[in-house]
Structure formats: structure tokens, C-alpha cells
Amino acid sequence: LFQYRRFPDEMQKDANILRDHYDDFISYIDRTFQDFIGQLEKVNIGDTVLILSSDHGESFDHGYLTHGGPFLYEQVTRIPLIIREPGQEKGQNVDAMVEQIDIPATVLDLANIPVPLWMEGRSLVPLLRGMHLQPKAGFSMNFEENPGRGHQIKTGSIAVWEGDHKLIHYLGKNESLLFNLKKDPEEVEDLVNKEPDSVSRLLGIIKSNLQRANDNIRNDK
């Protein structure tokens, strides 16, 4: 398993220094990508679609360091996604919940290839064209502690986003954290005891999807 490192509160200043160095590296990567796009613009790329995304980032908050772990705070789940269509000259910021799982369906749609019914993601092309998609829950998970492929999912952590709320649920401990990201983007105030209805709704979404996944695993055996 990938090991993460816990640190006490008094080391947060040191963690902030490490984050500053990390941010410098990210800025360097941004400039390098900008140079790459500049080189592309010097040649005829025709009907090429450009998509920028990434793996998740590093943790420097909530008492742990490194690129992994089961905690699923925004620092290791929120990632960039930039899409430029052929001939597109004007950009826009889209404030909608999307997932990496949506990228393959989007690529197929942009290429005028039908999206297979078995594909879980959905095309984001309507958002690119200024339209809207039906809001739906988004998921992230860490199953490093689970036995592995072919086994029922019984341990690990799952996060679900719906509207302004985000619930992180730890399967092995049967514990949850609830945050309102609009009011508390740093995920400081746990609302589990203050908003039981929100906890019940989001936990229900996790459990129903987890049951569906485990049923598929059972049927594949």
C-alpha cells in the first residue's frame, strides 16, 4: 500500500513551505504546457481536440502529507479539466460537477462516434456549447485496503458530491464526514451531527452504488 505520513498541528507551517515548493513546480508545468500549445499553433492541427487533465495532487493539509491515502479531501480529488474544440477561439468557465470518467464519452461525441450504452461516463459536449446537463452525484474512492480485484468491496473510502455538499465515508470504520464546500471550501467544519438528513441522503447514494458494484463483482465470478 502507498504510505502517507501523518503530522501534528505544530508542523503545519513546515507543510505550508513544502506546498509552496510544490506550487512552484506546478507553475513550471503550466508554463511548459503553454509553450507546448504555442508550438502546436505554429503548425496546422486541423480538427484536433485538445484536452488537459491530470492525476490528483499532493496533500499538505488535514494532518497528512503525500500523494495518496484514504482521506479524499479536495486537495487530492479536485483536478483540472480543460477542453478546446477545433477552431474554438473563446473560452468559458463551467461551474458543473464533472468527472474524469466523462472524458472518453466526450471524446467519442466530439468525433461523432456513438457513445456505447455500457460506458458509465457522459458526454460533456453540451456544456462546451453553453447548454446544461442534468445535475448528478460525483464519486471518488480509494480501495487500497481492499483485498483486490474480484473481491467484494468492504474496506476503503468513498466520497460523493451532490450540490454544495460532499460526504466522505470510511467503510471499515463506518464513519462519515460531511462538508458544505460552498461555505467551507477548506473542509474544516464537519456537519455530520448538524445535518443528519444530508448525511442520510448522501450515504444512501453511496450504499446503493456500492451494492450495485458488489453485485456485479459477485455475478462475474
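Above this note sits the structure.
Student: Where do I start with the layout of surface pockets in this structure?
Tutor: In this approach the atoms are scanned with a rolling probe the size of a water molecule, which exposes any empty space left behind. Estimates place the volume of the second largest pocket at around 800 Å³. Ranked by the residues each element gives to the lining of the second largest pocket, the list is headed by helix H1 (residues 12-40), at seven residues.

Student: Can you help me understand H1 in this one?
Tutor: In an α-helix there are 3.6 residues to a turn, and that puts residues three or four apart on one side. Here H1 is 29 residues long and its end C-alpha atoms lie 41 Å apart, about the 42 Å a rise of 1.5 Å per residue gives. For H1, the secondary structure elements touched by its buried residues are strand S2 (50-52) and strand S3 (64-65).

Student: Honestly, the environment of glycine 68 in this entry has me stumped. Any pointers?
Tutor: Examined against the element boundaries, glycine 68 turns out to sit in the loop between S3 and strand S4 (82-84). It is 27 Å that separates the C-alpha atoms of glycine 68 and serine 198, two residues lying 130 residues apart in sequence.

Student: What's the story with unusual backbone geometry in this structure? I'm lost.
Tutor: Among all residues except glycine, the phi angle is most often negative; among peptide bonds, the trans geometry is most common. Look at threonine 66: it is not a glycine, yet its phi comes out positive at around 110 degrees. Secondary-structure assignment places threonine 66 in the loop between S3 and S4. Unusually for a residue other than glycine, glutamate 187 sits at a positive phi of about 55 degrees. Tracing the chain through its elements places glutamate 187 in the loop between strand S8 (175-180) and helix H4 (196-220).

Student: Honestly, the packing of aromatic side chains in this entry has me stumped. Any pointers?
Tutor: One pair of aromatic rings is described through two measures. These are the centre distance and the angle between the planes. This structure, assessed with the given rule, holds four aromatic pairs. Ring centres of tyrosine 22 and phenylalanine 60 lie 5.4 Å apart, and the angle between their planes is 50 degrees; on these two criteria the pair is classed as tilted. Taken together, the residues tyrosine 22 in helix H1 and phenylalanine 60 in the loop between S2 and S3 connect sequence positions 38 residues apart. Residue classification places tyrosine 22 among the partly exposed positions, given a relative accessible area of 23%.

Student: Even after reading the chapter, I still don't get the side chain of glutamate 74, so can you show me in this structure?
Tutor: Tracing the backbone through its elements, the reader meets glutamate 74 in the loop between S3 and S4. Polar contacts involving the side chain of glutamate 74 include one to the side chain of tryptophan 161, which spans 2.9 Å. Setting aside its immediate chain neighbours within four residues, glutamate 74 contacts Trp161, Lys166, Leu181, Pro185 and Glu187.

Student: What's the story with the pairing of strand S5 (residues 138-142) in this structure? I'm lost.
Tutor: For a regular strand, side-chain orientation follows a simple rule: the groups alternate between the two sheet faces. What you see with S5 is a clean split: Gly138, Ser140 and Asn142 sit on the buried side and Phe139 and Met141 on the side with no burial. As paired elements, S5 and strand S6 (residues 157-162) share five bridges and run antiparallel to each other. Following the sheet pairing, phenylalanine 139 is matched in S6 by valine 160.

Student: What exactly am I supposed to notice about the pattern of salt bridges here?
Tutor: Pairing between side chains of opposite charge can happen when the charged atoms of each approach one another. Under the criterion given, the structure shown has nine salt bridges. Arginine 201 is the salt-bridge partner of glutamate 162, the closest N and O atoms lying 2.6 Å from each other. Of this pair, glutamate 162 sits in strand S6 while arginine 201 sits in helix H4, placing them 39 residues apart in sequence. Residue classification places glutamate 162 among the partly exposed positions, given a relative accessible area of 27%. Residue class for arginine 201 comes out partly exposed when judged on its relative accessible area of 39%. Salt-bridge contacts for aspartate 215 lead to arginine 218; the nearest nitrogen and oxygen are separated by 2.7 Å. Taken together, the residues span about one helical turn, with aspartate 215 and arginine 218 both in helix H4 at a distance of three residues. Assessed through its relative accessible area of 26%, aspartate 215 is described here as partly exposed. Note on arginine 218: relative accessible area 44%, which makes it partly exposed. Each of Glu74, Lys166 and Glu187 takes part in a single network of salt bridges with overlapping partners.

Rules and cut-offs
- Residues numbered from 1 in each chain as written.
- Predicted model: local features only at pLDDT ≥ 70, side-chain atom pairs only at ≥ 80, totals over all residues.
- Heavy atoms only, no water.
- 1 Å grid on protein atoms, 1.4 Å probe; cavity = no way out; pocket = protein on both sides within 12 Å on 5 of 7 lines; lining within 4 Å.
- Points joined across faces, edges and corners; volume = space filled by probe spheres on them.
- Helix = DSSP H or I, 4+ residues; strand = E, 2+ residues; numbered from the N terminus.
- Expected span 1.5 Å × (residues − 1).
- Contact = heavy atoms within 4.5 Å.
- Phe/Tyr/Trp six-rings, centres within 6.5 Å; stacked < 30°, edge-to-face > 60°.
- Buried < 20%, exposed > 50% of the residue type's maximum accessible area, 1.4 Å probe, protein only.
- Polar contact = N/O pair within 3.5 Å; in protein donor to acceptor, adjacent residues only side chain to side chain.
- Pairing = 2+ DSSP bridges.
- Salt bridge = Lys/Arg side-chain N within 4 Å of Asp/Glu carboxyl O.

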